[in-house]
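Below are the chains, spelled out letter by letter.
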Amino acid sequence: AMALGPRCVAREHGPPLAAPPATARNGSLAGGGRIRSGRGLQDSGGFSCVDVAYTLEFDGAATAGNGLVVFAPRNADCVGVFNATSDAFSCVSVSRRNDNYVGAATAANGLVVFAPYHAECVGVFDAASNAFSCVDISSTLSTGWKFQGAATAANGLVVFAPRNADCVGVFNAASNAFSCVDISSTLSNDIKFDGAATAANGRVVFAPIHADCVGVF
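No experiment lies behind these values; they were computed from the predicted model shown.

### Things to note about unusual backbone geometry
Point 1. The phi dihedral of Asp87 falls on the positive side, at around 65 degrees, and the residue is not glycine.
Point 2. Note that Asp87 resides in the loop between strand 6 (78–83) and strand 7 (88–93).
Point 3. For Asp87, a relative accessible area of 4% translates into the label buried.
Point 4. Even without glycine at this site, Asn130 takes up a positive phi of about 60 degrees.

Listed below in structure tokens is the structure:
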């Protein structure tokens, strides 16, 4: 996503980082959903659990352009949509396959993009219309356990953290264009990274699993 390209920063063991100062947060929820409340995490806030009438499995979440939170379907046969103002949960049906997607990120146009794990396509969800599409990438990449985690780079492109793929996935939600930037000369083992986040400088950082370095793209 940046001119410097992908790189892998060796992990070093050092002194623990100082914890950030605690901030008060409001954990109360309003609306009609059934709520299971836990112990307050702080004097000014707490934890609540809104029951849903489904036994589902999601893996990853992102906030769509309209403010709804969207859950990536891993083994679920639907895309989860949650309204944190009203506690309303709905599930938009999609075709089911085990280990479809792991990770979600919101593109510059407000669409939520799901990182393909076993799926042969990138999942794209429009929370305004409940429309789901699956953009085929099999001609570019057909391995299993492709990516695990997604984040939006400073230029609005969605970047996928490589698990077994030997490339970093890059998706343009405006054009549905997918590319995969080869990293095999730097790192080629399986189960590389799990999770992605965008740093203050706009670069996307991957959390290592079996990789012996932090991925930076």
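### A few points about the packing of aromatic side chains
Point 1. Counted under the stated rule, the structure contains nine aromatic pairs.
Point 2. Both rings, one in Tyr101 and one in Phe114, keep their centres 5.6 Å apart while their planes meet at 45 degrees; by these two values the pair is tilted. Within this pair, whereas Tyr101 is found in strand 8 (residues 101–106), its partner Phe114 is found in strand 9 (residues 112–116), the two being separated by 13 residues in sequence. With respect to class, Tyr101 is no different from Phe114; both count as buried.
Point 3. Aromatic pair Phe147 and Phe178: ring centres 6.3 Å apart, planes at 65 degrees, arrangement edge-to-face.

### Let's talk about the pattern of salt bridges
Point 1. Per the stated rule, a full pass over the model turns up four salt bridges.
Point 2. Across the salt bridge formed by Arg74 and Asp59, the nearest N and O atoms sit 2.7 Å from each other. Placement of the pair is Arg74 in the loop between strand 5 (69–73) and strand 6 and Asp59 in strand 4 (residues 58–63), with a sequence separation of 15 residues.
Point 3. By relative accessible area, which is 25% here, Asp59 ends up partly exposed.
Point 4. Residues joined by salt bridges that share partners form a network here, namely Asp59, Arg74 and Asp99.

### What about the state of the cysteines?
Point 1. Tallied over the full model, the rule gives three disulfides.
Point 2. Between the sulfur atoms of Cys121 and its disulfide partner Cys134 the distance amounts to 1.6 Å. Of this pair, Cys121 sits in strand 10 (residues 121–126) while Cys134 is found in strand 11 (residues 131–136), placing the two residues 13 residues apart along the sequence.
Point 3. On the basis of relative accessible area, Cys134 is assigned to the partly exposed category, the value being 39%.
Point 4. Paired by a disulfide, Cys167 and Cys180 hold their sulfur atoms 2.0 Å apart.

Cut-offs applied
Residues numbered from 1 in each chain as written. Predicted model: local features only at pLDDT ≥ 70, side-chain atom pairs only at ≥ 80, totals over all residues. Heavy atoms only, no water. Helix = DSSP H or I, 4+ residues; strand = E, 2+ residues; numbered from the N terminus. Buried < 20%, exposed > 50% of the residue type's maximum accessible area, 1.4 Å probe, protein only. Phe/Tyr/Trp six-rings, centres within 6.5 Å; stacked < 30°, edge-to-face > 60°. Salt bridge = Lys/Arg side-chain N within 4 Å of Asp/Glu carboxyl O. Disulfide = S-S within 2.5 Å.

Shape descriptors only; they carry no functional weight alone.
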